[in-house]
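Chain residues, written in single-letter form:
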Amino acid sequence: MHRFKPVTFGVLSALVIALSACGGGGGNAADGSSSNNGADNPPAAKSGGEITVLEDSGFAGAWPAGLDPATNTNGAANQPMMDTIYGQLFKLVEGGKIEGELAEGSTLSSDGKTFTIKLRPGVKFTDGSPFDAETVKWNFDRSLASPCTCNPKSSWPKLENPAVTTSGTDTVEIHFTAPFAAISRSFISANLNWIASKTSFDKMGEKAFKQKPVGAGPFTVVSNSPSNQLVVQKNPGYFRQGHPYLDKVTFKSIGGDQAAYQALQAGQADAYEGMSTPALVDQASKQSNLTTTQMLSTSPYVIQLNTSKPPFNDQKARDAVYYATDTEAIRKGLFNNRYPTSQTFTGPGGLFYKPTVPGYKTFDLAKAKQLVSEMGGMQVTLGTINVLVAKQTTEALQSQWAKAGIKTKIESYDLAGLIKAFGGPWQSMLQTAGAWDPAIGVGVGFRFNSHSPFTGVKDPALDKLLAEGSGTLDEAKRQTIYDEAGKLISDKSYAPFMFAFAPANLAVKGVYGPGLTTKLPAVAVNPPVSWPDVYKTSGTGQ
Amino acid sequence: MTASPTLAPSRRDSTPGVLYSPAVRLIGRRLLAAIPVLWGVTLLTFIVVQALPGSAAQQLLGPNATPEQVQQLEAQLGTDRSMIVRYLDWLGGVLTGDLGSSLSDGRAVTEVIGSALGVTAELVLLALVVSLALTVPIALLAARRPGGVVDRISMAVSMVGLSIANYVLALVLVWVFAVQLAVLPAIGFVPIGDGILDNLRSLVLPAIAIGFPLFCFYTRLLRADILEQMQGQDYVTTARAKGIGPWRVLTRHAFRNSLFGLLTIVGLNLGTLIGATVIIEQIFALPGVGRELLQAISNRNIPVIEGIVLVFAVVVVVANLVTDLLYAVLDPRVRHGNT
């Protein structure tokens, strides 16, 4: 999942960043992976109050298709809105564990092919209808048929027919044709995690429902102006006693990091999710009135090389790129060591993380020059999505590779252009690869599986390892398999990995919550904030 | 300044009746001429949007979508039909007052535009007021003593204003007035129904961000025009010979003639003014048409793009027509056809 951001806007706003620096308060500077500057010992939670949360209009702040789980094609990005309205069947908590929320619990059969969900008893939708197995099945069937990025089916094994069955009023089962180890984890940020009221849907009709949806979550919709503002208020009938803490949450869409930062500074909002401009994150972490929490990265940047086309169908050319790439210089010079190194498809916030791979080819300019010379020179096109961090990195790579004799042409695309470019004769792309669990979402298979339209690698041995990683139930064995996959990618020089990027969340002092002011893995770019647990003790917002 | 000959009355104008008045005939001719202009604008927009990579279905579904899913959604949205068929279908709807439906959420385009138009209209109007309210007195003061303190300062400020992009100015304004001084809001829109003062407060910074560069441009232009009138025109010499004071000559004679140039530029600049709302509404989180347009472009939502572009084009055409009509109000020679 990528964010759309006008790069020029970020660059030109440097002037304002510099001005903003004049108003700096205390706090510590960036210190690598962590820049949480004050929420280590938050005050006790209390009920009441309302907050305004800003969301980037290019990502979480865009919900043009409405908020119905089955038709919101931007659902993975719109987690904050969806979670507040529908709650979650399963939630991600600190330590990377999955807990039941509206689901009381779950089990995976010993053969790994049947996932059984036990629903929490006594839960009702805010329209008074029961939260039962039939309704959950109706939701699953709709969501699995949805052509949406948040439909998890693309990373699942093939489903049985019927795929979803019920047993009694509180049990739902999902049936696979092959074992799938990451099933409960795949719910986080997937549309199956959000259960809509069928009663309200039938009564209102699809068009009206998606504008003012009804769920069993911690909040109910007061008003919805698509991609502009969503106001939700406390659901007094929410199943968790004493939750949510807040009376009201207003989500506002805003045009980028700089505008959001200034709105927070002006006291017009209480939180901003997904700050990704490094200079602003540094600046925000110095402000005494803000808590800046650098989230845990799960998806490292990788230079995908198209091994089916020259020059990267020759391992010598791929080796040259590995040796010509000085990741440490970029991490330090451009990003102040904020984002940790990764030599494979895992990040420190994800499962099975290993920062290094034995035998990985690190920066060695002499070797790079020699290889390029042996090849009689190299000219490559390096593409990327048009976001600030990616753009800065490609420019740095262009400069580094030039020293090795590689002439690089940079192409920068919006999402549609990027998708189209993958269908053409591309040579190299700077992308993110990996996921919290490599088997789900935009995981390793998305960039390296032979069948993916976004891969530059067609290697049956790697395909086999990735399939085994997804189907093996034993976590230790999965670790071994993913280590082997990382080693294979490294040995064959399929794609140099760089650093594991993750955005930061900002909150004014006095506003706290899991995922907002504590570190959670960035499952779908932004971490899944637990909104029922967010509270306000003071603050400058409305 | 020459007057438009189109307003000169003909013999038939002696016939009583509103329909034969020069103004009505001008309006009629301009409206007829506007039809091919508007058609051209919509066709060009359609072609340009088609040329962009990706489709509405692809944008809605995101990078994970399979080609089959994209095809399925394209069929649902009707975007799998040929460009000509879709354009003619849309055009046919326009002729009956139907601008189509948003590809994102199925809302009528008229509803999408209607819900946002008020915000943009108010912003544009306020930006215009800000720019003109500053332009006139400062240009007059600058022209009164060329090379004087006011003239020098206004020229320096104009240079700065013309050199700075309005989105950078917007961020600077927010930093100063919202963050440091905390006197104006950084984001958000307060509807007029919730209090006129709060409504104006929510639009002051965006209006300045748009209006200030225009003020700089207009000031330079008006000052130069007034100076030209003051230095080279016979009627100014005559007025002075009659013993009329310099300030009165400036304001009652030279300024009135210079207004034609200003009016023309304001009319021609309306398109730029509306265009500026796209980025400014984004920065200030204003739920206006510009913001809708940006989202629609991002989503390749062609009916919404077409609808908004058409509305903008109509506004510009009408504004230019009003400018021409204002000539008649300002200049009796035009009104009476004595060019």
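Structure: see above.
Because the structure is predicted, anything quoted here is derived from the model rather than measured. (Residues numbered from 1 in each chain as written. Chains lettered and ligands numbered in written order. Predicted model: local features only at pLDDT ≥ 70, side-chain atom pairs only at ≥ 80, totals over all residues. Heavy atoms only, no water.)

With that out of the way, let us pick up the pairing of strand 2 (residues 90–93) of chain A. Neither face of strand 2 of chain A is open: one carries Phe90(A) and Leu92(A), the other Lys91(A) and Val93(A), and all of them are buried. In textbook terms, the turn of a hairpin is the stretch between consecutive antiparallel strands, and for strand 2 of chain A and strand 3 (residues 97–100) of chain A this stretch comprises 3 residues, one of which, Gly95(A), has a positive phi near 95 degrees. (Buried < 20%, exposed > 50% of the residue type's maximum accessible area, 1.4 Å probe, protein only. Helix = DSSP H or I, 4+ residues; strand = E, 2+ residues; numbered from the N terminus. Pairing = 2+ DSSP bridges.)

This brings us to the nonpolar core. The tendency in soluble globular proteins is for nonpolar side chains to be buried as a group. Ranked by internal contacts, the top residues of the largest apolar core, which has 121 residues, are Leu230(A), Leu506(A), Ile226(B) and Phe284(B). It is helix 10 (residues 246–283) of chain B that provides the largest number of residues to this core, a total of 15 residues. Ignoring anything within four residues of it in the chain, the contact list for Leu230(A) reads Trp63(A), Leu67(A), Met81(A), Ile85(A), Val221(A), Ser223(A), Asn224(A), Val249(A), Thr250(A) and Phe251(A). One finds Tyr322(A), Phe345(A), Tyr482(A) and Phe497(A) within the second-largest nonpolar core, a separate group that totals 56 residues. (Core = buried A, V, L, I, M, F, W, Y, C linked by side-chain atoms within 4.5 Å. Contact = heavy atoms within 4.5 Å.)

Once that is clear, we can look at the pattern of salt bridges. All names here are of chain A. Tallied over the entire structure, the rule returns 27 salt bridges over all chains. Between Arg142 and Asp68 there is a salt bridge, and its shortest N-O distance comes to 2.7 Å. Pair noted here: Arg142 is in helix 4 (residues 133–144) and Asp68 is in the loop between strand 1 (50–56) and helix 3 (79–86), with a separation of 74 residues, a long-range link. Ionic pairing is found between Glu328 and Arg331, a salt bridge with its closest N-O pair at 2.6 Å. With a gap of 3 residues between them, Glu328 and Arg331 both fall in helix 10 (residues 327–335), about one helical turn apart. Connected through shared salt-bridge partners, Lys91, Glu101, Arg240 and Asp533 make up one network. (Salt bridge = Lys/Arg side-chain N within 4 Å of Asp/Glu carboxyl O.)

With that out of the way, let us pick up the sheet that holds strand 5 (residues 114–119) of chain A. Residue and element names in this part refer to chain A. The strand order across the open sheet formed by 4 strands is 4-5-7-6, and the pairing between neighbours is antiparallel. Pairing within the sheet leaves two strands with one partner each, and these edge strands are strand 4 (103–108) and strand 6 (159–167). When the angles between neighbouring strand axes are averaged without regard to direction, this sheet yields 15 degrees. For strand 5 and strand 7 (residues 171–176), the ladder comprises 5 bridges, and the chain directions are antiparallel. If you follow Thr114 over to strand 7, its bridge partner there is His175. Seen against the sheet, helix 4 touches strand 5, strand 6 and strand 7 and runs at an angle of roughly 160 degrees to strand 6. (Axes fitted to C-alpha atoms, helices over the stretch in contact; angles between N-to-C directions.)

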